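# Examining the three-dimensional arrangement
One-letter residues, chain by chain:
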Amino acid sequence: QVQLVESGGGLVQPGGSLRLSCAASGRTVSTAVMGWFRQVPGKERELVARIRSGGSILYADSVKGRFTISRDNAKNMVYLQMNSLKPEDTAVYYCAAGPGSAYRGTLDYDFWGQGTQVTVSS
């Protein structure tokens, strides 16, 4: 089992930045695919970014050039640096861990955090 705990969410003005962190425990996630998803009420959970154990990264088109995903396998941590935030980035952000084959679907991932709220508003 893997436990994931997100932190770093909050209220930020448009154009601002936030850094989300995801702490993994239970067993190492160094070989796992780690992803950040987000969800707004009434919509499906969508992939924001995912990073493979070897460092290969995939971003949603809507966040390319603004968000950066990274991982520190020694610390069992995954991060999402979010810059130039827009009101449409408002959502609950979830950290997820999956096997090496995990891609962009929620069913690809086996373990989920409880989420952290990000609100972008003036």
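Presented here is an overview of the structure given in this document. Just so it is clear, the structure is predicted and the values come from calculations on it, not from any experiment.

The rules behind these values
Residues numbered from 1 in each chain as written. Predicted model: local features only at pLDDT ≥ 70, side-chain atom pairs only at ≥ 80, totals over all residues. Heavy atoms only, no water. Core = buried A, V, L, I, M, F, W, Y, C linked by side-chain atoms within 4.5 Å. Buried < 20%, exposed > 50% of the residue type's maximum accessible area, 1.4 Å probe, protein only. Helix = DSSP H or I, 4+ residues; strand = E, 2+ residues; numbered from the N terminus. Salt bridge = Lys/Arg side-chain N within 4 Å of Asp/Glu carboxyl O. Disulfide = S-S within 2.5 Å. Phe/Tyr/Trp six-rings, centres within 6.5 Å; stacked < 30°, edge-to-face > 60°. Lys NZ or Arg CZ within 6 Å of the ring centre and 35° of its normal. Pairing = 2+ DSSP bridges.

## Focus on the nonpolar core
Leu-4, Met-34, Trp-36, Leu-80, Met-82 and Tyr-93 are the most contacted members of the largest nonpolar core, which totals 30 residues. Residue assignment for this core shows that the elements contributing at least two residues are strand 3 (18-25), strand 4 (33-39), strand 5 (46-51), strand 7 (67-72), strand 8 (77-82), strand 9 (91-98) and strand 11 (116-120). If you look at the next biggest cluster of nonpolar residues, it comprises seven residues, including Val-33, Phe-37, Leu-47 and Leu-58.

## What about the pattern of salt bridges?
Scanning the model with the defined rule gives four salt bridges in all. Across the pair Glu-46 and Arg-38 runs a salt bridge whose closest N-O atoms are separated by 2.8 Å. Several salt bridges share partner residues, and in doing so they unite Arg-38, Glu-46, Arg-66 and Asp-89 into one network.

## Comments concerning the state of the cysteines
For the coordinates displayed, the defined rule picks out one disulfide. Disulfide pairing is shown between Cys-22 and Cys-95; the S-S distance is 2.1 Å. Between Cys-22 and Cys-95, the S-S dihedral sits near -80 degrees, and the bridge is therefore left-handed. Of the two residues, Cys-22 sits in strand 3 while Cys-95 sits in strand 9, which places them 73 residues apart along the sequence. Overall, Cys-95 belongs to the buried group, its relative accessible area being 0%.

## Structural notes on the packing of aromatic side chains
Ring pairs (aromatic) are described by centroid distance and by the angle formed between their planes. Inspection of the entire model under this criterion finds three aromatic pairs. Consider the rings of Phe-37 and Tyr-109, whose centres lie 5.1 Å apart with planes at 80 degrees: the pair is edge-to-face. Of the two residues, Phe-37 sits in strand 4 while Tyr-109 sits in the loop between strand 9 and strand 10 (111-112), which places them 72 residues apart along the sequence. Tyr-109 carries the same exposure label as Phe-37, and that label is buried. The ring of Tyr-79 is capped by Arg-19, whose NZ or CZ atom sits 4.0 Å from the centre of that ring. Here the guanidinium or amino end of Arg-104 rests over the ring plane of Tyr-103, the centre of that ring lying 5.7 Å away.

## So, the pairing of strand 4
Counting buried positions along strand 4 gives six out of seven residues, so the element sits mostly inside the fold. Across seven bridges, strand 4 lies against strand 9 in antiparallel orientation. Opposite Val-33, over in strand 9, you have Gly-98 as the bridge partner. As defined by bridge partners, strand 4 adjoins strand 5 across five bridges and the pair is classed as antiparallel. Paired with Trp-36 across the strands is Ala-49, a residue of strand 5.

## Points about unusual backbone geometry
Residue Asn-76 is not a glycine yet carries a positive backbone phi of 55 degrees. Tracing the sequence through the fold places Asn-76 in the loop between strand 7 and strand 8.

Everything listed here is a matter of coordinates, which is why it stays silent on function.
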